[in-house]
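Chain by chain, the residues:
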Amino acid sequence: MTGVFSLLPEGRTGLLVPSLSEAGLPGGEDIDGYLAEGGYAPLVAPDRLLGRIAAAGLRGRGGAGFPAAVKLRTVRDAPGPRVIVANGEEGEPGSVKDRWLLRHRPHVVLDGLRLAAAVTGAGRGFVYLSDAEAERAVRRALAESAPELRIDVVRTEHTYVAGEETAVVRRVDGGPALPTAKPPRPFESGVGGAPTLVANVETLARIAVMYSRPDEADAVAGTHLVTLSGGGEGDAALVEVPVGAHLKVLADVCGHGRAEAVLLGGLFGGLYGEGWTDLPLDHDSLNAAGAALGCGALHFLHPDDCPVAVAVEAAAYLGAQSARQCGVCLSGTGAMTKALSAVASGEASHDTVAKLHRWSQQLPGRGACALLDAAARVVATLLAHFPDAVDAHCRSVCPACAGPAPEDGRRFTVTVP
Ligand code: SF4
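Each chain has its residues counted from 1, following the order in which its sequence is written. Totals for whole chains, interfaces and linings use every residue, but because this is a predicted model, local features are given only for residues with pLDDT of at least 70 and side-chain atom pairs only at 80 or more, for both listing and counting. Side-chain calculation: all heavy atoms of the structure are included, whereas hydrogens and water are not.

Chemist: Explain the sheet that holds strand β4 (residues 150-155) to me, please; I cannot follow it from the model alone.
Modeler: Across a sheet, strands are paired by hydrogen bonds formed along the backbone, either parallel or antiparallel in direction. Only strands joined by at least two bridges in the DSSP assignment are considered to pair. By definition, any uninterrupted DSSP run of H or I lasting at least four residues is a helix, any uninterrupted run of E lasting at least two residues is a strand, and each is numbered from the N terminus. The sheet built from four strands is open, its strands ordered β4-β3-β2-β5 with parallel pairing. Either end of the sheet is taken by a strand with one partner, and the two such strands are β4 and β5 (196-200). Along the sheet, successive strands turn relative to each other by an average axial angle of 20 degrees, direction set aside. Judged from the five bridges that link them, strand β2 (residues 82-87) and β5 form a sheet pairing that is parallel. Within β5, the position partnered with I84 by the bridge is L197. Throughout, a residue-residue contact means that at least one pair of heavy atoms, one from each residue, lies within 4.5 Å. Axis definition: a line fit to C-alpha positions, over the contact stretch in the case of helices; interaxial angles, taken between N-to-C directions, run 0 to 180 degrees. Against the sheet, helix α3 (residues 68-76) engages β2 and β5, with an angle of about 160 degrees to β5. The sheet contacts of helix α8 (residues 201-212) involve β2 and β5, and relative to β5 the element is tilted by about 90 degrees.

Chemist: What am I meant to see in the sheet that holds strand β7 (residues 237-242) here?
Modeler: The mixed open sheet is built from six strands, whose spatial order is β1-β7-β6-β10-β8-β9. A single partner strand is all that each edge strand has here, and the edge strands are β1 (3-6) and β9 (270-272). On average, each strand axis in the sheet is tilted by 25 degrees relative to the strand beside it, whichever way the strands run. As paired elements, strand β6 (residues 223-230) and strand β10 (residues 297-301) share four bridges and run parallel to each other. Pairing of S229 across the sheet is with H299, part of β10. The sheet strands contacting α8 are β6 and β7, and the helix crosses β6 at an angle near 140 degrees.

Chemist: Would you take a moment to explain the site of the ligand for this structure?
Modeler: The rule for a residue being near a molecule or strand is that one of its heavy atoms must lie within 4 Å of it. Neighbouring the ligand are the residues V161, P179, S322, A323, R324, Q325, C326, C329, G367, A368, C369 and L371. Note on residue classes: Ala, Val, Leu, Ile, Met, Phe, Trp, Tyr, Cys and Pro are nonpolar, Asp, Glu, Lys and Arg are charged, and everything else, Gly too, is polar. Residue classes in the shell around the ligand are distributed as eight nonpolar, three polar and one charged.

Chemist: Quick question: what am I supposed to make of unusual backbone geometry here?
Modeler: Residues apart from glycine generally show negative phi values, whereas peptide bonds are mostly found in trans. Cis rather than trans, the peptide bond between K182 and P183 has omega equal to -5 degrees. Along the chain, the position of P183 falls in the loop between α7 (165-172) and β5. Of note, the amide linkage connecting P183 to P184 takes the cis form, showing an omega dihedral of 0 degrees. Among the secondary structure elements, P184 is positioned in the loop between α7 and β5. Not every positive phi belongs to a glycine, and Y40 is a case in point at roughly 55 degrees. For each residue, the accessible area found with a 1.4 Å probe, counting protein chains only, is set against the maximum for its type, and the residue is called buried under 20%, exposed over 50%, and partly exposed in between. Given a relative accessible area of 18%, Y40 falls into the buried group. Although it is not a glycine, R324 adopts a positive phi angle of roughly 55 degrees. Residue position: R324 is located in the loop between α12 (307-321) and α13 (327-344). The exposure class assigned to R324 is exposed, which follows from its relative accessible area of 53%.

These figures capture arrangement, not role.
Now the structure itself:
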């Protein structure tokens, strides 16, 4: 099944996307429809909303899964004028949720932005994006809603690292969308030096729904938008699922029942082989299993897909997307891609595999952003979950690896439904 739909339990309406039984969008992008849903209601008690977000345990949806209430509170308690940025720049090629939300639900994102601004005391807001269609939808929604908060739209180039929070701040300040070393983090010194909340657009949308549907706060926090793709078996699906849903159920629903492995978190969460069907979709379980949910993009590998070929393409793509600011990132992604390519072409020795293992352990945390960590995790999980495939490639080339290795990440790239 492809398209956009909610898989919440029967009888539940979708929260951010329509459920299978609904026609049209809940609220939609039309201002009248959104107001009729209870959107843009005056916020009289910001602390009460913050308490609701904390009690429901809402976690950020940009990738790290950090508790949203902690970020809001930290910026609220920082001195001086504060700034808030709705971050709609999703660098993972396999994720479409943020662009879809901005294109089709701009009011719910803007509503979340003004609520988060009220909670933090921010006097200035930005919407940060790279997608032209999303920009048109947001500008139209801003003209319709005329928010009391000053909100500017900042367009950036679409790259893997442009949505990283320090890159966001740098671009909003007029510089290049490249990460900087931390500290300081944006909540300490962000846009124009002011304490800044950089919040993913899905996180903000969930805050808005939590405010307009207070009885459903737990369900709102306990639901993810995930992008499911892979295997050349049809288009991708953007699906709203409860936290804890088993990956096998998601694969079956979307026609990936024959999948034998999965690449998690876009390119950030690593490859997972045998046992992937038992994994539940939640940050803590996946972290405990050595994987990561990241932005919630899942790419399924089918019987004809070779995990080594997938790893080569992922590492090469990440190497090409390196901002080339950190020497260790440039040399590390290059070395890992070269060694993986040697494995794929049957030219690797056991020493090559040992080097890959060492780099996958030593490189995480050494770059200014998480791109190098993503490449290292791809390598680490390939070695951990597919040792037989790696070993076999050291002796002979498989059909999937026989052709030239694509470097453009096309395999992972998903079109917005
Ligand atoms: S780790 Fe890589 S992508 Fe990230 S800032 Fe450094 S050079 Fe750029």
